[in-house]
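Here is what each chain is made of, one letter per residue.
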Amino acid sequence: MSPITLEVQPQQAPIDSHISPDTITEFNEYVMNTYARFPIALERGEGCRVWDNTGKEYLDFVAGIATCTLGHAHPAMVKSVTEQIQTLHHASNLFYFAPQGQLAKWLVQNSCADKAFFCNSGAEANEGAIKLARKYAHTKLGIDNPVILTANASFHGRTLATVTATGQPKYHKNFAPLVQGFDYIPYNDIAALETAVTKYEGRLCAIMLEPLQGEGGVNPGDRAYFARIREICDEKKILLIIDEVQVGMGRSGMLWGYENLGIQPDVFTSAKGLGGGIPIGAMMCKAHCNVFEPGDHASTFGGNPFACAVALSVCNTMVNDNLIANARERGQQLRTGLQAICDRYPQHIASVRGWGLIDGLVLQESSNIQARDVVAAGIEHGLLLVPAGVKVVRFVPPLIVSAAEIEQALAIVDQAIASFAS
Ligand SMILES: *Cc1c(COP(=O)(O)O)cnc(C)c1O
């Protein structure tokens, strides 16, 4: 076979050039304006570092928003991506192929669940959980107008059902009519939970919660609250659905966020960190609520050999390289360092909270600094961070992050806060 030659127009810079056509201009012209992007164009990554198209280096504590579990260009991912694309990259769920079965086995053997369904994203995994809960309501509980409770300040995705499940009015605005059958309760509030359970007696089929609210402000769940929910769900035979999309896959310092709460869900979902940055989602359930049958739910791309082989390499690397213990230890180091910064600037910083490598620096309500200002200052000093709401700065580095990289990030945050304090 002769090599394919592309005709390159003389005025165009080569694709790999640092002075390629202005990426930001192209976005402004051709991409829908749905994100408030920071004004840098990223080009390349390695480990916990990324470089923009001017060659500037950043420590990446966003990691694709808690997604790049193994950082960038990890050899295990390069190997699994390359091998699987050369073997069988996509087939169809009309057939069997090894990687999906192997990944399902790994997830079942390393969680409380008995079965897996694969899709492509967190929203889709939650969408699957919502459909499963509704079929469970119709077929097992005899409820024909089921209700699912979710929490205020939660985040479950942007499809119509998952954005309805998301307890944040700002995401609902202009999208009415929303999906029926959802109501909201304050997070970590046992009395409010009991009132809602009584209100929907005979209609309630599931309670869906994050183990720690990520997007809503890095707000950890309370053990007593989740223990009470588990009791209520057992008593009423309703499903506890845990959204592990952001917190799961080792990030919390345990494989699954629910392990920090001392309970087991009936259903849980995973996505972000599962594929290390390759799109994949999973909806996991226990045997007693495994109500789907052929034809009930499906996905063309879901669980394809490529995504599953890569996810499996992420899972295996996480175990072989002790990355969950690393998440625990580096998280402790990060929170200790952030607490010291908090103590130095009490007029600006209220508190530090989180589990493992999902941590939040909570700004004072009375301070004029917003999370976006800290993120912008971080970018200037070479550190990528992401806001979680208006007043919380979120730290979600790759699970491979080193002690030296945590120290470097802390020094930059200190510098950034100092620049506001002076
Ligand atoms: C990001 C996120 C989602 C949505 O995942 P997508 O892959 O963006 O659809 C759902 N739930 C939680 C907790 C998340 O953090």
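That block above? That's the structure.
K.L.:
Residues and numbers for the sheet that holds strand 7 (residues 204-209), please.
P.N.:
Strand pairs in the sheet, formed through backbone hydrogen bonds, run parallel or antiparallel to each other. An order of 4-12-11-10-7-5-6 is seen for the seven strands of this open sheet, with the pairing classed as mixed. Both edges of this open sheet fall to strand 4 (115-119) and strand 6 (182-185), since each of them pairs with a single strand only. On average, each strand axis in the sheet is tilted by 20° relative to the strand beside it, whichever way the strands run. By the bridge criterion, four bridges tie strand 5 (residues 147-151) to strand 6 in an arrangement that is parallel. Counterpart to Ile148 in the pairing with strand 6 is Phe182. Here helix 4 (residues 98-109) sits on the sheet and contacts strand 4 and strand 12 (281-285); the angle it forms with strand 4, its principal contact strand, is near 125°.

K.L.:
Tell me about the packing of helix 3 (residues 75-87) against helix 10 (residues 305-320), and please be specific about residues and values.
P.N.:
Interaxial distance between helix 3 and helix 10 falls to 9 Å at its minimum, and their mutual angle equals 155°. Here helix 10 runs roughly antiparallel to helix 3, going by the angle between their axes. In this structure, helix 3 crosses over helix 10, and the sense of that crossing is right-handed. Seen from helix 3, the contacting residues are Ala76, Met77, Ser80, Val81, Gln84 and Ile85; seen from helix 10, they are Pro305, Phe306, Ala309, Val310, Ser313, Val314 and Thr317. Each residue belonging to the contact of helix 3 with helix 10 can be placed in one class, and the counts come to nine nonpolar, four polar and no charged.

K.L.:
Outline the pairing of strand 1 (residues 42-46), supporting the account with residue identities and numerical values.
P.N.:
Both faces of the sheet carry side chains from a regular strand, because those side chains alternate between them. Relative to strand 2 (residues 49-52), strand 1 runs antiparallel, the two sharing four bridges. Looking at strand 2, one finds that Glu46 is bridged to Arg49.

K.L.:
So, the packing of aromatic side chains: which residues are in play, and what are the values?
P.N.:
Tallying each qualifying case throughout the model produces six aromatic pairs. Among the aromatic residues, those joined into a ring-pair cluster are Tyr187, Tyr225 and Phe226. In this structure, Arg44 is placed above the aromatic ring of Trp51, and the distance from its NZ or CZ to the ring centre is 4.2 Å.

Basis of the calculations
- Residues numbered from 1 in each chain as written.
- Predicted model: local features only at pLDDT ≥ 70, side-chain atom pairs only at ≥ 80, totals over all residues.
- Heavy atoms only, no water.
- Pairing = 2+ DSSP bridges.
- Helix = DSSP H or I, 4+ residues; strand = E, 2+ residues; numbered from the N terminus.
- Axes fitted to C-alpha atoms, helices over the stretch in contact; angles between N-to-C directions.
- Contact = heavy atoms within 4.5 Å.
- Parallel < 35°, antiparallel > 145°, perpendicular 65-115°, else oblique.
- Left-handed = near helix turned anticlockwise from the far one by under 90°.
- Nonpolar A, V, L, I, M, F, W, Y, C, P; charged D, E, K, R; others polar.
- Phe/Tyr/Trp six-rings, centres within 6.5 Å; stacked < 30°, edge-to-face > 60°.
- Lys NZ or Arg CZ within 6 Å of the ring centre and 35° of its normal.

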